[in-house]
Amino acid sequence: MNSAASPIPVIVGPTACGKTRKGVALARLTGGEIVSADSRQVYRGMDVGTGKDLADYGTDVPYHLIDIADAGTKYNLFQYLRDCRAAVADIKARGKMPVIVGGTGLYVESFLKGIELPEVPENTALRAELAGRSLEELAAMLAGMKRLHNTTDIDTTQRAIRAIEIETYYAEHPEAASKAKGAERPCAIVAGLDIGRDERRSMISARLRRRLEQEDMTGEVERLLAEGVDPETLIYYGLEYKYLTMYVLGRITRAEMERDLEIAIHQFAKRQMTWWRGMEKRGFPIHWFPYDMPDAEFASAVAELIAAYGRG
């Protein structure tokens, strides 16, 4: 297989459905390397809560865009597109196949669209204007904007304000938005992992219990706080870090943390699936496979799609 000329395989699906294992199986079959498309796995020291599953890579599958930023910083779409393109170019230059794997819809779709973004600066006046508004109010504002931003990750007021800040910048700088829409698209084949609602909910709940009871996700958050990571930044990261930080700080009880976090993850997974289905409508076909398809069979099926593309 000519990796340099082959389309880039992209593996998507909701959280907890086994994307990493499937991607690693494909990378092993093709001699490829994983490029993560996850907005939280970029942070060092945030392992359990982000589900890095580093053991899945073994010692033979290289991975990129994992553990590249310090916990407490705010990695963004501009940085991701820059780093993803650099990783893909490097992998291809070495005659290997990049395998993009992840659940952050904005990252995946923006890469597939060929979007190139300027770095959006902070708008202190806008932030001051929006300070104190509820998440519901901010989400309603964002819904009324012509947006590029991924709403699947908007589960804190800070993230919502940043999303509005980005969209406001594009409204005020139409030349930047025009460039984002008009870039050249990379050649790619998207494979999705399809899972029913009940099975998805069951897997998410089981994984959450495992992380809390066996993998010490609470201890991970306590360590990050002890190392000096700003608690409000951890809350900004959302989901596991939002609720566990509030629990560790005593703002909510353990029962409230477990209940609200489980609900939030289920809602997040639903939004992810809504994003992928919407992506298909926006011109990016997805080849869907059962989430419980054996990893080796999945890898062979996707490899055949890649080979068939090359045969025309």
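Whatever comes next refers back to the structure up there.
A brief look at the structure comes next. Everything quoted here is computed from the prediction, not taken from an experiment.

Re the overall build of the chain
Right, on to step 1. Along its length, the chain carries 13 helices and six strands.
Right, on to step 2. By residue count, 53% of the 312 residues in the chain fall in the buried class.
Right, on to step 3. Residue pairs at least 24 apart in sequence account for 75% of intrachain contacts in the chain once pairs closer than 6 positions are excluded.
Right, on to step 4. Of the side-chain charges in the chain, 41 are positive and 45 negative, and the distance between the mean point of each set is 4 Å.

Here we look at the packing of aromatic side chains
Right, on to step 1. Using the criterion set out here, one finds six aromatic pairs in the structure.
Right, on to step 2. Here Tyr57 and Tyr63 contribute two aromatic rings whose centre-to-centre distance is 4.7 Å and whose plane-to-plane angle is 40°, an arrangement assigned as tilted.
Right, on to step 3. Residue classification places Tyr63 among the partly exposed positions, given a relative accessible area of 33%.
Right, on to step 4. When the centroid spacing of 5.3 Å and the interplanar angle of 80° are considered together, the rings of Phe289 and Phe298 count as edge-to-face. The residues Phe289 and Phe298 share a single accessibility class, namely buried.

With respect to the pattern of salt bridges
Right, on to step 1. Evaluation of the coordinates by the stated rule reveals 23 salt bridges.
Right, on to step 2. Put simply, Lys22 and Asp295 hold a salt bridge, and the shortest N to O gap is 2.9 Å. With Lys22 in helix 1 (residues 19-30) and Asp295 in helix 13 (residues 295-311), this pair connects stretches of sequence that are 273 residues apart.
Right, on to step 3. For Arg28, the salt bridge identified is with Asp60, shortest N-O distance 2.8 Å. One end of the pair, Arg28, is in helix 1; the other, Asp60, is in the loop between strand 2 (33-36) and strand 3 (63-64), with 32 residues separating them in the sequence.

Topic: unusual backbone geometry
Residues other than glycine predominantly adopt negative phi, and peptide bonds predominantly adopt the trans conformation.
Right, on to step 1. The phi dihedral of Asp67 is positive, around 60°, even though this residue is not glycine.
Right, on to step 2. One can find Asp67 in the loop between strand 3 and helix 2 (77-93).
Right, on to step 3. Residues other than glycine seldom take positive phi values, yet Asp216 does so here, at roughly 55°.
Right, on to step 4. Turning to its location among the elements, Asp216 is positioned in the loop between helix 8 (197-213) and helix 9 (217-226).
Right, on to step 5. A relative accessible area of 47% places Asp216 in the partly exposed class.

Looking at the side chain of Arg211
Right, on to step 1. When you line up the elements, Arg211 lands in helix 8.
Right, on to step 2. At 3.4 Å, the side chain of Arg211 and the backbone oxygen of Gly49 are in polar contact.
Right, on to step 3. Within the structure, Arg211 has its side chain in polar contact with the side chain of Glu240 (distance 3.2 Å).
Right, on to step 4. Residues within four places of Arg211 in sequence aside, it is in contact with Val48, Gly49, Thr50, Gly51, Asp216, Met217 and Glu240.

Describing the sheet that holds strand 2
Right, on to step 1. One open sheet holds the six strands; their spatial order is 3-2-4-1-5-6, and the pairing between them is parallel. The two strands at the open ends of the sheet, each matched to only one other strand, are strand 3 and strand 6 (286-290).
Right, on to step 2. Strand direction decides the pairing type here: strand 2 and strand 4 (residues 98-101), joined by four bridges, are parallel. If you follow Ser36 over to strand 4, its bridge partner there is Val101.
Right, on to step 3. Those strands touched by helix 13 are strand 1 (8-12), strand 5 (188-194) and strand 6, and its axis lies near 155° from that of strand 5.

Points about the environment of Thr218
Right, on to step 1. In this fold, Thr218 is placed in helix 9.
Right, on to step 2. Separated by 170 residues in sequence, Thr218 and Val48 place their C-alpha atoms 9.3 Å apart.
Right, on to step 3. Each residue touching Thr218, except ones within four places of it in the same chain, is listed here: Leu212, Leu244, Tyr247, Val248 and Arg254.

Focus: helix 2
Right, on to step 1. In this model helix 2 runs 24 Å from its N-terminal to its C-terminal C-alpha over 17 residues, within 8% of the 24 Å that 1.5 Å per residue would give.
Right, on to step 2. Residues of helix 2 that are buried include every one of Leu77, Gln79, Tyr80, Leu81, Asp83, Cys84, Ala87, Val88 and Ile91, and no others.
Right, on to step 3. Against strand 1, strand 2, strand 3, strand 4 and helix 3 (105-113) lie the buried residues of helix 2.
Right, on to step 4. Near the N-terminus of helix 2, the side chain that reaches the backbone nitrogen of Phe78, with its oxygen 3.2 Å away, is that of Asn76.
Right, on to step 5. Looking at the residues trailing helix 2, positive phi occurs at Gly95, about 80°.

Conventions and cut-offs
What you see as residue numbers is a count from 1 along each chain, following the sequence as written. Where totals are concerned, whole chains, interfaces and linings use all residues; where local detail is concerned, this predicted model gives features only for residues with pLDDT of at least 70, and gives and counts side-chain atom pairs only at 80 or more. To get the side-chain values, all heavy atoms of the structure are used, and hydrogens and water are removed first. A run of H or I in DSSP becomes a helix once it reaches four residues, and a run of E becomes a strand once it reaches two; helices and strands are each numbered from the N terminus. Burial classes: relative accessible area under 20% of the type maximum marks a residue as buried, over 50% as exposed, and values in between as partly exposed (1.4 Å probe, protein chains only). Only heavy atoms matter for contacts: two residues are in contact if any of them lie within 4.5 Å across the pair. Counted as positive: Lys and Arg. Counted as negative: Asp and Glu. His and the chain ends are not counted at all. A charge is said to be at NZ when it belongs to Lys, at CZ for Arg, at CG for Asp and at CD for Glu. Here the aromatic set is Phe, Tyr and Trp, taking the six-membered ring for Trp, and pairing holds for ring centres within 6.5 Å; pairs whose planes are under 30 degrees apart are stacked, those over 60 apart are edge-to-face, and all others are tilted. A pairing counts as a salt bridge when a side-chain nitrogen of Lys or Arg comes within 4 Å of a carboxyl oxygen of Asp or Glu. Here a polar contact means two N or O atoms within 3.5 Å. Within protein one must be a hydrogen donor candidate and the other an acceptor candidate, and residues neighboring in sequence count only if both atoms are side-chain atoms. We treat two strands as partners when DSSP finds at least two bridges between them. Interaxial angles span 0 to 180 degrees and are taken between N-to-C directions of axes, which are lines fitted to C-alpha atoms, for helices over the stretch in contact. A helix is expected to span 1.5 Å multiplied by its residue count minus one.

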